[in-house]
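Residues per chain, in single letters:
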Amino acid sequence: MPVRLRIGSRPSALALAQAGIVRSALAALIPGLDSEIVRIKTTGDRMTAPSLANVGGKGLFIKELEQALADRQIDIAVHSMKDLPATLASGFRIAAVPEREDPRDALVTRTAGGLGALPRSARVGTSSARRKFEVMRLRPDLIVSPLRGNVDTRLERLAKGELDGVILAIAGLKRLSRLDGLNHHALDEREFVPAGGQGALAIEAVESTPVAGSHEIERALANLNDARASAETAAERAFLAGIGASCESPVGVHAVLEAGALSVRARLFSIDGSTELADSISERCDSSPASAAAVGARLARRMLERGAAALIGGK
């Protein structure tokens, strides 16, 4: 009996575009693969609060998808990596991390120019504490306003003149084909450190069993896995787990694996944004997630020694 692969996704346009990328990639590896995208609305999709930090944070965007995996209603779930908690719940695994898209944030404005071109007291929209404090670090005169909703909703508020700029992930804009025609300025990842996992996708599955009972699909997922993206995100997630970051922790961490060396840069802020701590590490590293995770964990220990836990309210 032919295998039918059921791919779980949140129902937003971006999530469906991401699931579509995975579906197409697997179809290219397995010609004739029978697959469907199953839309699953999560608790986070139903929330309208400006910030989700106090009502469950990242887990709100994956809980129902993981339940569907556990109940065998879907075979894999496609997530934005940055939506995953730093440590997965027992019984689940990351089956593959495809090639990573641009991990940087972008400032989108109605007129050309970057962060420095915004007038004094300009209004910038974001509901991310990390983005808010990174903006205020570089431009303390700006007014940062809460901003939720999908990408088009956020861009609409900008177009209507309610805001002078919005900060969005470049990866999401690219995957939705929204980047062309926008006045956007990529924010330097060394100064404006992205969220851990930003730009990467995670394909999640249950542990200890082949996806859809198919070894062919398992092999395709292994081929779809990008060694560099897998290593970089493993380092970032190990750092976040190591410092005890939660959904409300204003933390940026970005890893780059290049020519056998892994560099990890992190910047974190106190919950009120009044204090910051930054550090980086660079070590020789193979492309294995375990080796990369060890580097991220070492940076976490170093920053814990400098007071990171007390700063972010972690462990």
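Structure: see above.
Calculation notes
Residues numbered from 1 in each chain as written. Predicted model: local features only at pLDDT ≥ 70, side-chain atom pairs only at ≥ 80, totals over all residues. Heavy atoms only, no water. Buried < 20%, exposed > 50% of the residue type's maximum accessible area, 1.4 Å probe, protein only. Helix = DSSP H or I, 4+ residues; strand = E, 2+ residues; numbered from the N terminus. Pairing = 2+ DSSP bridges. Salt bridge = Lys/Arg side-chain N within 4 Å of Asp/Glu carboxyl O.

A.B. asks: Tell me about the pairing of strand S12 (residues 261-269), and please be specific about residues and values.
C.D. replies: Burial runs high along S12: seven of the nine residues are buried. Where strand S11 (residues 251-258) lies against S12, eight bridges are found, and the strand directions are antiparallel. Within S12, the residue paired with valine 253 across the bridge is alanine 266. Note that S12 and strand S13 (residues 276-284) share nine bridges and pair antiparallel. Residue pairing for S13: alanine 261 is matched across the bridge by arginine 284. Between S12 and S13, which pair antiparallel in sequence order, lie six residues; one of them, glycine 273, sits at a positive phi of approximately 80°.

A.B. asks: Lay out the pattern of salt bridges in plain terms, naming residues and giving numbers.
C.D. replies: The tally for this structure, following the rule as stated, stands at 26 salt bridges. Its salt-bridge partner being aspartate 34, residue arginine 4 comes within 2.3 Å of it at the nearest N-O pair. You can see arginine 4 sitting in strand S1 (residues 4-9) and its partner aspartate 34 sitting in strand S2 (residues 34-39), a full 30 residues away along the chain. Residue arginine 4 is classed as partly exposed on the basis of its relative accessible area of 39%. Measuring nitrogen to oxygen at the nearest pair gives 3.4 Å for the salt bridge that ties arginine 306 to aspartate 279.

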